[in-house]
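Structural overview
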Amino acid sequence: MTPVAASWPPLSPGERSVAIEVLVGGPLSRTELARRLDLSAGSLTRLTKPLIESGLLVEVPEAGSPAEVRQGRPSQPLDVVAESLSFLGFKITDDMVYGVLTTLRSEIVARHDRPLVTREPAAVVELLGEMTDALAGDRPRLAGIGIGVGGFVEDRAVVGESPFLDWRGVPLAELVEERTGLPVVVENDVAALVEAETWFGAGRGLDRFVVLTIGAGIGYGLVLGGKRVPYAEEDRGFGRHWIVNPHGPLTPEGERGSAVSLLTIPSIRYQVRAATGRDRTYEEILQSAAAGEAMPARVIEEAARALGTLVAQIANFVLPQKILLAGEGVGLMEVAGKTVTDTIRAQRHPLAASIDLETKVSDFHDWARGAAVLAIQVLVLGATEA
């Protein structure tokens, strides 16, 4: 079966603003909605009427009380029907593709993963097509696909460079659109995660927000004014140039003391292997460090100090309302969280406000969900604005 893309009805700019505010922040009363958008009651009624008539918005009972029929303007809050549309999100790693099916509010309702047996673009596109068919099933309201890739992505469509896949100049969006018949958006995986957390997660409603990811690499995302700030070197290995300790360890590539050499999972495994002659998984290293084994404990402590330094530097210069720490490497906080917080405290002004540091234990399905949010944004914002 070839899925057929669903779509929102054509909306005016004002109607779209109302719909997005309810989608991200709802359910919302008309009074609160008017306040957030600086609209009069009459203007809000004019904008919401066609959205309700089209079924895009619905009136829901107030929390804790049954809906009542009242004269005049209805008092029930407005909300969207999250299950009215479905979206697909894919996260491509060097050896797996993780897929999720989400609602309009990015709740995951199905998962489907497949091994990546070859990185040849045509084969990956066919795999994505097969996974789309499997996840779509009999859902006729599938609205779009988002794909997250570790690497540099141009125009949300072309994988300009991906060291994990050894790709350069692959028009992934176009190829997957041809295979599935659905609109497709492609983005750097960290950027996708930042967008998801900004709209539906830890950064919702915040003006200044930072996402820092640790895992196979170092990822950084900055949100100002409620919008992600794109930058030229996005996921082009800028962590290699973020020097945390100039006397720190070397990576196999010869870099010393960078965030990458101190914090990434491959570098931590390399350090322990070089010192002990034994290859261990990241989880095994964390367990050994927690048990007090000397070399793993030393490497993890050094990584924790590096993380504390990064967080302190970000807080000192960006002044964020919250920093979200995510990625497959956040288990570091469970073993050496005190070292992280002590380092942060030591590298900030004594009177500085405390940092709202949130740790999110995530897996690759969270990254795939982030990609699905890209597709949600394209639908609700319009392709030219997303």
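For the structure itself, consult the block above.
Report on the accompanying structure. (Residues numbered from 1 in each chain as written. Predicted model: local features only at pLDDT ≥ 70, side-chain atom pairs only at ≥ 80, totals over all residues. Heavy atoms only, no water.)

A word on the sheet that holds strand 5 (residues 108-115). Reading across from one edge, 5-4-3-6-9 is the order of the five strands in this open sheet, with mixed pairing throughout. Only two strands of the sheet have a single neighbouring strand rather than two, namely strand 5 and strand 9 (184-188). Neighbour to neighbour, the strand axes of the sheet diverge by 20° on average, direction disregarded. Bridge analysis of strand 3 (residues 86-92) against strand 4 (residues 96-102) gives six bridges, and the strand direction is antiparallel. Its bridge partner lying in strand 4, K91 is registered against Y98. Sitting on the sheet, helix 4 (residues 121-136) touches strand 3, strand 4, strand 5 and strand 6 (142-149), and the angle it makes with strand 5 is about 145°. (Pairing = 2+ DSSP bridges. Helix = DSSP H or I, 4+ residues; strand = E, 2+ residues; numbered from the N terminus. Axes fitted to C-alpha atoms, helices over the stretch in contact; angles between N-to-C directions. Contact = heavy atoms within 4.5 Å.)

Inspection of the secondary structure assignment puts D207 in the loop between helix 6 (189-200) and strand 10 (208-214). Considering only alpha carbons, one finds D207 and K322, 115 residues apart in sequence, at a separation of 9.6 Å. Filtering out sequence-adjacent residues up to four positions away, D207 remains in contact with V223, L224, G225, G226 and Q321.

Here the focus is the sheet that holds strand 12 (residues 227-228). As a general point, the strands of a sheet are linked pairwise by backbone hydrogen bonds and lie either parallel or antiparallel. Across the sheet, five strands lie side by side as 12-11-10-13-14; this open sheet has mixed pairing. Single-partner strands in this sheet number two, and they are strand 12 and strand 14 (357-359). Relative to strand 11 (residues 218-224), strand 10 is paired through seven bridges, and the arrangement is antiparallel. Note on strand 11: the bridge partner recorded for V210 is L222.

Another point: the pairing of strand 13 (residues 322-326). Of all five residues making up strand 13, five are buried, and the element is well covered by its neighbours. Of the two faces of strand 13, both are covered, the one formed by K322, L324 and A326 as well as the one formed by I323 and L325. Two elements, strand 10 and strand 13, share five bridges in a ladder whose sense is parallel. Bridge pairing links V211 to L324 in strand 13. Strand direction decides the pairing type here: strand 13 and strand 14, joined by three bridges, are parallel. When the sheet's bridge partners are listed, L324 is paired in strand 14 with E358. (Buried < 20%, exposed > 50% of the residue type's maximum accessible area, 1.4 Å probe, protein only.)

The next thing to look at is unusual backbone geometry. Comment: phi is negative for the bulk of residues other than glycine, and the bulk of peptide bonds are trans. In this structure, the amide linkage connecting G26 to the following residue, P27, adopts the cis form with an omega of 0°. Located in the positive-phi region is D38, a residue other than glycine, with phi close to 55°. Tracing the backbone shows D38 in the loop between helix 2 (30-37) and helix 3 (41-53). The backbone of S106 sits at a positive phi, close to 70°, despite the residue not being glycine.

On to the pattern of salt bridges. Considering all chains together, one arrives at 23 salt bridges under this definition. Where D189 meets K91, a salt bridge forms, and the shortest distance between an N and an O atom there is 2.3 Å. Remark: K91 occurs in strand 3 and D189 occurs in helix 6; sequence separation between them is 98 residues. The exposure class of D189 is buried, given its relative accessible area of 7%. Where salt bridges share partners, they join E21, E32, R35 and R36 into one cluster. (Salt bridge = Lys/Arg side-chain N within 4 Å of Asp/Glu carboxyl O.)

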